[in-house]
Amino acid sequence: MNKGLFITFEGIDGCGKTTQLNMLNKYLQDKGYETVLTKEPGGKGLGEKIRNILLNYDGEVSDRCESFLFLADRAQNIDLIVNPAIRQGKIVLCDRHTDSTLAYQGYGRELDLAQIKKLNDLATNGRKPDITFIFDVSLETSSKRVGKDKDRMEKSGKDFFQRVRNGYLKIAQNEPQRVKVINSEKSIDEVFAQVLKYINEII
Ligand code: TYD
C-alpha cells in the first residue's frame, strides 16, 4: 500500500489554486494513485453548513467567532475525511487549510498569531500537511479573477488582502521545507509545471 500524503493548496481569493488542485488530481489518478479531494471550509455534510454561514451570513460576525467557525470546520474535516483517507494510504488534496486561518484571521484580521497557531494545532490534532503550495498573485490579478460577485470574505477590502498576501509569504519564509510559493501570474500550464516539479520529488 502507498504511504498516505496530505497536500494543501493556499493563496488569496482568485489565485487559481482550485484549478491546479483539479489538474494535480487528474495527474495523480492517471498514474494510478488513489486520491481524495476536500476543502475548507466545507468538505461535506456539517462542513457545508458551516461554510454557508461563513460565506453568506449577512449580519455582524466577530473576528474571533469567524476564527472558531473555520476551526470547527477544520476539526470535522481532519477527523472525518483527511485522517481516514491517509490511514488508507490515499493522497488527500485539500483546498485551503491551517495557513488560511493564519493568513486571513491572523495576518488579515490581525488576531494574535501565536494563539491562532495553538488553535490550529487543536483543530488538526497534530496532523500536518506533507507539502503546501501557496499560489501567489498580485491583488490586481486576484480582484480581476474574483469579479464583482463577492462573498462575505471577499468583501474585506484591499488593505485586508494585502495583509493576507504578505502573511502567506511570511508563512513560506518561516517554513520553507513544507511551504512552496508558486508564481501564479503565469499561464495555467506553466503554473502546473512548477507544482509537478515538487510533487515528483515526493511521490
Ligand atoms: P472559497 O469560496 O473556498 O474561496 P476560494 O475559492 O478562494 O478558496 O471561500 C473560502 C473563503 O474563506 C476565502 O475567502 C478564504 C476564507 N478562509 C479564511 O478566512 N480562513 C480559513 O481558515 C479558511 C479555511 C478560509
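Reference entry: report on the structure contained in this document. Nothing here was measured: the structure is a model prediction, and the numbers come from that model.

1. Thoughts on the overall build of the chain
- Helix and strand content of the chain: eight helices and five strands.
- N-terminal to C-terminal, the α/β element order of the chain is β-α-β-α-α-β-α-α-β-α-α-β-α.
- For the chain, whose C-alpha radius of gyration is 16 Å, the value lies close to the compact-globule estimate of 17 Å for 203 residues.
- Dimensions along the principal axes, computed over C-alpha positions, put the chain at roughly 50 × 35 × 30 Å.
- Per-residue burial for the chain yields a buried fraction of 50% across its 203 residues.
- Pairs at least 24 residues apart make up 79% of the contacts formed inside the chain by residues separated by at least 6 positions.
- Taking the 32 positively charged and 29 negatively charged side chains of the chain as two groups, their mean positions are separated by 2 Å.

2. Here's the deal with the site of the ligand
- Around the ligand, a shell composed of 14 residues is seen, among which Asp13, Lys17, Arg96, Thr101 and Gln105 lie nearest.
- Take Thr101: an N or O atom from its side chain is 2.6 Å from an oxygen atom of the ligand.
- Within the side chain of Gln105, an N or O atom sits 2.8 Å from a nitrogen atom of the ligand.
- In isolation the ligand has 550 Å² of accessible area, and contact with the protein removes 90% of it.
- Taken atom by atom, the bulk of the ligand overlaps the largest pocket.
- Looking at the shell around the ligand, the element that brings in the most residues is helix α4 (residues 98–108), giving four residues.

3. Here we look at the nonpolar core
- Judged by nonpolar contacts, the single largest core of 41 residues is most densely connected at Ile7, Leu24, Tyr104 and Phe133.
- Discounting chain neighbours no more than four positions away, the residues touching Leu24 are Ile7, Phe9, Leu93, Phe192, Val195, Leu196 and Ile199.
- Counting residues in hydrophobic clusters, the runner-up holds nine residues, among them Phe6, Ile78, Ala85 and Cys94.

4. Focus: the side chain of Lys17
- Of note, Lys17 is situated in helix α1 (residues 17–30).
- For Lys17, a relative accessible area of 9% puts it in the buried group.
- Among residues more than four places away in sequence, those in contact with Lys17 are Phe9, Glu10, Gly11, Asp95, Arg96 and Phe135.

5. Side note on the packing of helix α3 (residues 63–87) against α4
- Across the interface, α3 lies against α4 with an axial gap of 11 Å and an inter-helix angle of 175°. Considered as vectors, α3 and α4 are oriented roughly antiparallel to each other. Taking contact as the criterion, the partners of Glu66, Ser67, Phe70 and Arg74 in α3 are, on α4, Thr98, Thr101 and Gln105.
- Residues of the contact of α3 with α4, tallied by class, amount to one nonpolar, four polar and two charged.

6. Re the side chain of Asp73
- In this fold, Asp73 is placed in helix α3.
- For the buried Asp73, no salt bridge exists, and the shortest N-O distance to an oppositely charged side chain is 6.0 Å, to Arg74.
- Those residues in contact with Asp73 that sit more than four places away from it in its chain are Glu40, Pro41, Gly42, Gly43, Gly47 and Ile50.

7. Some thoughts on unusual backbone geometry
- Omega for the bond connecting Glu40 with Pro41 falls within 30 degrees of zero, at -5°, which places this linkage in the cis form.
- Tracing the backbone through its elements, the reader meets Pro41 in the loop between β2 (35–39) and α2 (46–56).
- The phi dihedral of Arg96 is positive, around 75°, even though this residue is not glycine.
- Tracing the backbone through its elements, the reader meets Arg96 in the loop between β3 (91–95) and α4.
- The class of Arg96 is buried, set by a relative accessible area of 12%.
- Backbone geometry at Glu110 places phi at a positive 65°, although glycine is not the residue there.

Rules behind the numbers
Residues numbered from 1 in each chain as written. Predicted model: local features only at pLDDT ≥ 70, side-chain atom pairs only at ≥ 80, totals over all residues. Heavy atoms only, no water. Helix = DSSP H or I, 4+ residues; strand = E, 2+ residues; numbered from the N terminus. Rg over C-alpha atoms; globule rule 2.2 N^0.38 Å. Buried < 20%, exposed > 50% of the residue type's maximum accessible area, 1.4 Å probe, protein only. Contact = heavy atoms within 4.5 Å. Lys, Arg positive; Asp, Glu negative; His and termini not counted. Charge placed at Lys NZ, Arg CZ, Asp CG, Glu CD. Near = heavy atom within 4 Å. Polar contact = N/O pair within 3.5 Å; in protein donor to acceptor, adjacent residues only side chain to side chain. Areas by Shrake-Rupley, 256 points an atom, 1.4 Å probe, with all protein chains shown as cover. 1 Å grid on protein atoms, 1.4 Å probe; cavity = no way out; pocket = protein on both sides within 12 Å on 5 of 7 lines; lining within 4 Å. Sits in = over half its atoms within 2 Å of the grid points. Core = buried A, V, L, I, M, F, W, Y, C linked by side-chain atoms within 4.5 Å. Axes fitted to C-alpha atoms, helices over the stretch in contact; angles between N-to-C directions. Parallel < 35°, antiparallel > 145°, perpendicular 65-115°, else oblique. Nonpolar A, V, L, I, M, F, W, Y, C, P; charged D, E, K, R; others polar. Salt bridge = Lys/Arg side-chain N within 4 Å of Asp/Glu carboxyl O.

Note that every value here comes from positions in space, so none of it alone points to a role or purpose.
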